[in-house]
Amino acid sequence: GLSAEKLTEKVESLHEMNPMMGHRGCRLGVTFPEIFEMQVEAIAQAACELIKAGDSIIPEIMIPLVGEFNELKWLKDHLVPIIEATIKKYGVKMTYEIGTMIEIPRAALTADTIATEADFFSFGTNDLTQMTYGFSRDDAGKYLKDYLEKKILSEDPFKSLDTVGVGKLMKMAVDLGRSTKKNLHIGICGEQGGDPATIKFCHDIGLNYVSCSPYRVPIARLAAAQAAIEAEK
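Residues numbered from 1 in each chain as written. Predicted model: local features only at pLDDT ≥ 70, side-chain atom pairs only at ≥ 80, totals over all residues. Heavy atoms only, no water.

**Q** Where do I start with the nonpolar core in this structure?
**A** As a rule of thumb, nonpolar side chains are buried together in soluble globular proteins. If you look at the biggest cluster of nonpolar residues, it comprises 44 residues, and the most contacted ones within it are I63, I83, M94, F121, F123, M170 and L207. Element by element, the count of residues in this core is highest for helix α4 (residues 69-90), at seven residues. With sequence-adjacent residues up to four places away left out, M170 is seen in contact with F123, T125, L128, L161, C202, I205 and L207. If you look at the next biggest cluster of nonpolar residues, it comprises five residues, including F135, A140, L144 and F158. (Core = buried A, V, L, I, M, F, W, Y, C linked by side-chain atoms within 4.5 Å. Buried < 20%, exposed > 50% of the residue type's maximum accessible area, 1.4 Å probe, protein only. Helix = DSSP H or I, 4+ residues; strand = E, 2+ residues; numbered from the N terminus. Contact = heavy atoms within 4.5 Å.)

**Q** Explain helix α9 (residues 166-180) here, please?
**A** Owing to its 3.6 residues per turn, the α-helix aligns residues three or four sequence positions apart on the same side. With 15 residues, α9 ought to run about 21 Å at 1.5 Å a step, and its terminal C-alpha atoms sit 22 Å apart, in line with that. Listed as buried for α9 are V166, G167, L169, M170, A173, V174 and G177. Buried residues of α9, viewed axially, fall in a sector of 155°; they line one side. Away from the buried face of α9 by more than 90 degrees, exposed residues K168 and S179 are located. (Expected span 1.5 Å × (residues − 1). Arc of directions from axis to C-beta.)

**Q** For this particular structure, what's the right way to read the pairing of strand β3 (residues 120-123)?
**A** It is a general feature of regular strands that their side chains alternate between the two faces of the sheet. Alternating residues of β3 divide into F120 and S122 and F121 and F123, and every residue in both groups is buried. Sheet topology places strand β2 (residues 97-102) next to β3; three bridges connect them, and they run parallel. From the neighbouring strand, M101 faces β3, where its bridge partner is S122. Note: β3 against strand β4 (residues 185-189), four bridges, orientation parallel. (Pairing = 2+ DSSP bridges.)

See below:
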C-alpha cells in the first residue's frame, strides 16, 4: 500500500555522503531496532529447532560496529528478552552468547568496559584498518598502489595487518578485555585473517581463532600450525 512517491522519499532520506562511516551496524539497530529483533529472533528460532531435533548448538550473536559501551548494552537489553521468549516458546534449554565486533578504534580503547557486556570479541580488521588509517577501503585502491611503489608502505594494510598501528590497538583491546574477563574468547574476522604474517601476529597476542575466505583456509591452517610450533620453540 506504499506509493512510489513515499518510497522514493524514504530512499532519498537514507542517502549518505559517506555510508562506510554512516548509518550501519549497531547504529541501524538503534534507530530501527525491529531489524535486529527480526534477525535475532530468526537465529534463536533456528537454533531451537535444531535443539528440538537433537542437535547441540550454541549460537553466537555478534553486534557490529560498536564504539560505545551503551550501544551494546542498549541493544542487548532489547534483544535478550526476544531470545529468552523464543527459548520459552520452544520449551528447550539453550545456551547462547552475545558478543561484539571490535572494528572502531574507540572500541579497542574502551575494551575493558565493553567486555562487561560482551561474551566474546571479534576484530573486524577491514573496518579497524580503515578507521585507524583514515583510508576508505572502497577507494584506497586508487592511491595505495603508488604508496607501495614508492615504498611509503611495505604492504597493503587491507591484505596484511598493520601490526605497528592497528596491531597495537588489537593488543590493547585483548589486554583490556581480558583484564575484565580473564577467559574472554577473541578472534579475527577480516580479509587479513588468511594472511600468514597476520595469523602469526594473532597467535602472538593470544587470539583464539582466525576467520578467512574459504579459498584461504589451507594457507591459514598451515600458518596457524607454524605459529604454534614457533611459539613452543
